[in-house]
Structures are given as structure tokens and as C-alpha cells.
Amino acid sequence: MPFMTFLLLAVVFILLSGLRVAQEYERGVVFRLGRYLGLRGPGLYWIIPLGIDRAVRIDIRTRTISAEQQETITRDSVTIKVNAVLWYRIVDAAKAVIEVANAEAAVYQLALTSLRNIIGQHDLDEILQQRDRINLLLTDSIARSTSAWGLEVQRFEMKDVELPKAMQQVMAMQAEAIREKRARIIKAEAELEASVKLSAAAAQIAANPAALELRRMQMISVVGAENNSTTVIMIPSDFVSLAHGLNDYLTRRSAQDQGKT
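Report on the accompanying structure. (Residues numbered from 1 in each chain as written. Predicted model: local features only at pLDDT ≥ 70, side-chain atom pairs only at ≥ 80, totals over all residues. Heavy atoms only, no water.)

**What about the overall build of the chain?**
Working step 1: Of regular secondary structure, the chain possesses eight helices and eight strands.
Working step 2: The 261 residues of the chain split such that 25% are buried.
Working step 3: When contacts within the chain are restricted to residue pairs at least 6 apart in sequence, those whose partners lie at least 24 apart make up 63%.
Working step 4: As displayed, the chain has an accessible area near 18,300 Å², and 58% of this comes from carbon and sulfur atoms. (Helix = DSSP H or I, 4+ residues; strand = E, 2+ residues; numbered from the N terminus. Buried < 20%, exposed > 50% of the residue type's maximum accessible area, 1.4 Å probe, protein only. Contact = heavy atoms within 4.5 Å. Areas by Shrake-Rupley, 256 points an atom, 1.4 Å probe, with all protein chains shown as cover.)

**A short note on the sheet that holds strand 6 (residues 63-73)**
Working step 1: If you walk across this open sheet you meet the three strands as 6-7-8, and the pairing is antiparallel. Each edge of the open sheet carries a strand with a single partner, namely strand 6 and strand 8 (151-162). Direction aside, neighbouring strands of the sheet carry axes that sit 25° apart on average.
Working step 2: Here helix 5 (residues 131-147) sits on the sheet in contact with strand 7 (79-90) and strand 8, set at roughly 140° to strand 8. (Pairing = 2+ DSSP bridges. Axes fitted to C-alpha atoms, helices over the stretch in contact; angles between N-to-C directions.)

**Focus: a nonpolar patch on the surface**
Working step 1: On the surface, a nonpolar cluster with roughly 1,200 Å² of combined accessible area is contributed by Phe3, Met4, Leu7, Leu8, Val11, Val12, Leu15, Leu16, Leu19, Val21, Leu44 and Trp46.
Working step 2: Taken together, the elements giving at least two residues each to the nonpolar patch come down to helix 1 (2-16), strand 1 (19-22) and strand 4 (43-46).
Working step 3: By residue number, the principal contributor to the nonpolar patch is helix 1, which donates eight residues.
Working step 4: Relative to the helices and strands, Leu7 resides in helix 1. (Patch = residues over 30% accessible without salt bridge, like charges linked within 9 Å, V, L, I, M, F, W, Y side chains within 5 Å. Salt bridge = Lys/Arg side-chain N within 4 Å of Asp/Glu carboxyl O.)

**So, the packing of aromatic side chains**
Working step 1: All chains considered together, the criterion is met by one aromatic pair.
Working step 2: Ring centres 6.1 Å apart and planes at 65° place the aromatic pair Phe31 and Tyr36 in the edge-to-face group.
Working step 3: Its relative accessible area of 10% is what places Phe31 among the buried residues.
Working step 4: We classify Tyr36 as partly exposed; its relative accessible area is 39%.
Working step 5: For the cation-ring pair, Arg61 lies above Tyr25, with the distance from its terminal atom to the ring centre recorded as 3.8 Å.
Working step 6: Its end group placed over the ring of Trp87, Arg155 keeps NZ or CZ at 5.2 Å from the ring centre. (Phe/Tyr/Trp six-rings, centres within 6.5 Å; stacked < 30°, edge-to-face > 60°. Lys NZ or Arg CZ within 6 Å of the ring centre and 35° of its normal.)

**Section: the pairing of strand 2 (residues 26-32)**
Working step 1: For strand 2, the buried fraction is high: five of the seven residues fall into the buried class.
Working step 2: Both strand 2 and strand 5 (residues 53-59) contribute to a ladder of seven bridges, which runs antiparallel. Along strand 5, the bridge assignment pairs Arg27 with Ile58.
Working step 3: Linkage of strand 2 to strand 3 (residues 35-40), two consecutive antiparallel strands, is achieved through a turn of two residues, within which Leu33 is found at a positive phi near 55°.

**Digging into the side chain of Asn83**
Working step 1: As for its placement among the helices and strands, Asn83 is situated in strand 7.
Working step 2: Within polar-contact distance, the side chain of Asn83 engages the backbone nitrogen of Gln69 at 3.3 Å.
Working step 3: Excluding its chain neighbours within four sequence positions, the residues that come into contact with Asn83 are Ala67, Glu68, Gln69, Glu157, Met158, Lys159 and Asp160. (Polar contact = N/O pair within 3.5 Å; in protein donor to acceptor, adjacent residues only side chain to side chain.)

**Some words on the nonpolar core**
Working step 1: Counting 37 residues, the largest nonpolar core has Ile80, Leu86, Leu115, Ile119, Leu138, Phe156 and Met158 as its most contacted members.
Working step 2: Per-element accounting of this core gives the leading share, ten residues, to helix 3 (residues 103-120).
Working step 3: Those residues within four positions of Phe156 in sequence are excluded, and the remaining contacts are Ala84, Val85, Leu86, Ala111, Leu115, Asn135, Leu138, Thr139 and Ile142. (Core = buried A, V, L, I, M, F, W, Y, C linked by side-chain atoms within 4.5 Å.)

This is the structure:
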């Protein structure tokens, strides 16, 4: 009777040893005598103990891998250092166990290789100005390979791009030259617009001489308000017209005298 009790307890213990619990974010990949049997979980499940069944627990949550800084050369022969971050998750737990020995190490090495390859295929300006497109290329470059391992690459993005100090100085000089160019263009456009306005004002004043007198009086009032010690001598505009007329007369006479000689 004690032997039967001991045997019963041993059987119960063996049966209970086959119980497994998988969390909501876990799956159990079960092998029976070395052959793939299926997935179990989440929750409570049972496998045949004594080494007949073996369960490999897989976490299917999104994982984040920070790629170590890579020193690589762009297509235009500029040496840069790039940091990147990879987000991926296991969508097929069976493939993640059967198709690859270490899924995390494999996807990490693949990410480093793809990062160096993609950077080497683009110029520095493209890497700095088109980061969204580069990030999409990085994601697509490893998504095809990881799908065979049961992995889904969600995002693969550059985090930081470190440039050599000499290149930083060159880019700063370039940015300064661009800002100076824009300033000169804006100033030239302002002068052009001002000249157009002045030409229109001159034509308006020439058509109405009284406007010139009004403008002169406004100028005198402004000068008198700012500099009270300034002496202003008024010259009638008729003198200016007379001077122009005299100059034209003398020019014609000089041309006639030269024609007679």
C-alpha cells in the first residue's frame, strides 16, 4: 500500500511537471522528440514531461536595439559616424526558433551591415536633408531578410550623424555664404522696388510742379524739427528750369559753331 501511494504521488508529480504558463506576450514553441509540434499559449498549457516534449518560450513584444556607432564613408568620400535605432517584433515564433539560431543577434548584425551599405550609397547632403527617405531605405533593406526568420521590422532610423570638425567648419562657412547671398538679394530687390517708386514719384512731380514745392516744404519742416541750428536757403524751382534751359541753349550754340567751322 505505501508503494502504491508512492507510485501514485510520483505519477501525479510527473504529470504536474508538464504544466507550463505563458504570459499574454509570450508563446511556447513545442517540440516532441525533436520534431516541431506547434505553438502553445498564452495561458496554461501542458506538455509531456520526461524530455519527450520541450517548450521554448518566445517573447513577441516589440524590442528596441540601439546600433553601436558606425564609422563609414559616404558616396562623396566623407567619413561620418552614424548611430541608429531598430524596432522589431517576432510575428512567427516557430520560425524565430527554427530558422535562426539567435534571432536578436542575427537582426542586430544585419542592421549594422545594412546601415553601412545604405550610407555608402548616398551623398552627405542626401543623408542630412533626406533622412526620412534614408530611414525608409534602411527599413526596407532588412525587412526582406528578417521576414524569413519570423521577424517584423517596424522602424529602423538614424539617431545621430556625427561629422568631422573640418567638415563642420566647411558647412558653417557654406551656411554663412547662403545667408549673405539671401541678404544681398533681399537688399537688391528692395533697392529695385524703391527705384521704381522713385521713378513714379519723379514722373508725378514733373507733371505737377506744385507737388515739388509741397515736397520741399515737407523736407524743410522735417529738417527744422531735427536740427534747429541748420540754415536752409530756398531757391525757387524756376531758377532750376532756367538753368536747364540755358544749358540746352549753350549746347545747341556750341554744336552750331562746330558745324560752321
